[in-house]
Amino acid sequence: MGGARSAHAEGLTALLWHVRFIATLWSDNRHMRHLAPLVLVLLALTSCASTQPVKLIAAQRVIIGDETGYNVEYEFSFMSRESVYVRQVGPVGASGHLEHLVRAEHLDFLDSRNGKILASLAITPTIHPSASPPTMDVPPESAFPTAYQSFPWTSSAPLIAAANDVLRRYFRYEPRNSDNLTRLFTTYAVLPHSAGAPDVPAKIALLLSFPHDPATNRYSLHVRTSVLEGRSRSDVYKTASDDAVLRAADRFVGQLVAQMQGVHP
Amino acid sequence: MTRIWRVRITLLTMFITAFVLQLVCVTAVYKSMWPDEYVQVMVKLFGIYSVHLSVILGAIFGGKPPDHAQPPRLLTPIAVALAALWNVLIGWRTVAFAFTAGEKVTDLIAYLDGVSAASAFLVTGLLTTYFIKANQ
């Protein structure tokens, strides 16, 4: 309800601006007087349409582990705010475009972590596969070794937005927010590694988190990797031990982080 | 060398050649599978051929056939053809596995399991005729 009221308030503000604009035209140009009501109605309609703060672009039902979820793509824009808090994702900028996996039926946009709901986006599938929903192989946290690589976040870009832009090129990912810490679990993706080991296919999944260091008042990016290697004539993947694969995984993570930081946009 | 021996040697050579060829093919691509899968395929091939080779080698080392023993004249080419057919049925899949990218070990093992069991009738009778009864 709070989100609906907020949306209506923003719509009303825009509508009032249009009314003032038409009134100015009305008084300045007598030819406009005939068209003014029509223009007013059209502008009112467009302003109402454009002030929806969240918009679902696409949603596809998927299987995540044993649960049903969605791969959802949406955009949001909250005027007069600097940031919002998406319950399943964490803090994000006031506007943006995200695509990720989610197990909920709707996404809640709040003004802060425990604040009021600004808007709620109901997720209804827009893509209907003819077969059963695709399965997203999101590994559990136990699949990731506890060791991680840490990168100081030097970019001015918002963390989630930068991660979203880069991750979606290679993976699907599921954001999970707990203890005020956002963690992104990716699906496995084929790990491109240099020639020399053609019989050793490999795949990699990432667990990204963005802890805040109060000492330096800066965020850092922690990356945990689950690297699996297989054999070209086998369906079985095992934890990677091949040096070439592990080196390729490190290179891949380095490239991803550089892309997130905007070094290689 | 009597005719029965010529037939025996022909069949023995055919089985051993097909068997060794398949072992070589699998071994040539052992790096493209996990060690336990390689062992699994090898054990499977040994299992398939062990029955037939034990009959053949057992009969050869078990005794000399009587000099008057003669194989059924008309049935000999049929027996050789059936043995060849069986070896081709089993062998082509293993050779294809080695030479085709993207083949999976699980598919090969499933094929060997299914086809070897279903096609055993092709060779069981002829091996009995040429290697056991001929000694009696």
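Residues numbered from 1 in each chain as written. Chains lettered and ligands numbered in written order. Predicted model: local features only at pLDDT ≥ 70, side-chain atom pairs only at ≥ 80, totals over all residues.

## Things to note about the environment of A:Arg183
All names here are of chain A.
Next up, step 1: Turning to its location among the elements, Arg183 is positioned in strand S11 (residues 181-186).
Next up, step 2: In this structure, the C-alpha to C-alpha distance between Arg183 and Leu207, residues 24 residues apart in sequence, is 6.7 Å.
Next up, step 3: Setting aside residues up to four positions removed in sequence, Arg183 forms contacts with Arg176, Leu207, Leu208 and Ser209. (Helix = DSSP H or I, 4+ residues; strand = E, 2+ residues; numbered from the N terminus. Contact = placed C-beta atoms within 7 Å.)

## Quick look at the sheet that holds strand S1 (residues 54-64) of chain A
All names here are of chain A.
Next up, step 1: Sheet architecture is open: four strands sit in the order S5-S2-S1-S8, paired in mixed fashion. Because the sheet does not close on itself, it has two edges, and the strands there are strand S5 (95-102) and strand S8 (135-136).
Next up, step 2: The sheet contact formed by S1 and S8 spans two bridges and is parallel. The residue of S8 that forms the bridge with Ile63 is Thr135. (Pairing = 2+ DSSP bridges.)

## Brief notes about the confidence of the model for chain A
Reading fine detail from the predicted coordinates is not recommended where pLDDT is low.
All names here are of chain A.
Next up, step 1: Scored by pLDDT, chain A comes out at a mean of 81, with 77% of its residues at no less than 70.
Next up, step 2: When pLDDT is averaged over each helix and strand of chain A, the minimum, 53, is found for helix H1 (residues 2-28) and the maximum, 94, for strand S16 (residues 238-239).
Next up, step 3: Contacts from residues 1-8, a stretch scored under 50 in pLDDT, to residues over four places away or in other chains number 14 contacts. (pLDDT = per-residue confidence, 0-100.)

## Topic: the interface of chain A and chain B
Next up, step 1: Facing the seven residues of chain A at the interface are ten residues of chain B.
Next up, step 2: In the side of chain A that touches chain B, the residues fall into one nonpolar, two polar and four charged. (Nonpolar A, V, L, I, M, F, W, Y, C, P; charged D, E, K, R; others polar.)

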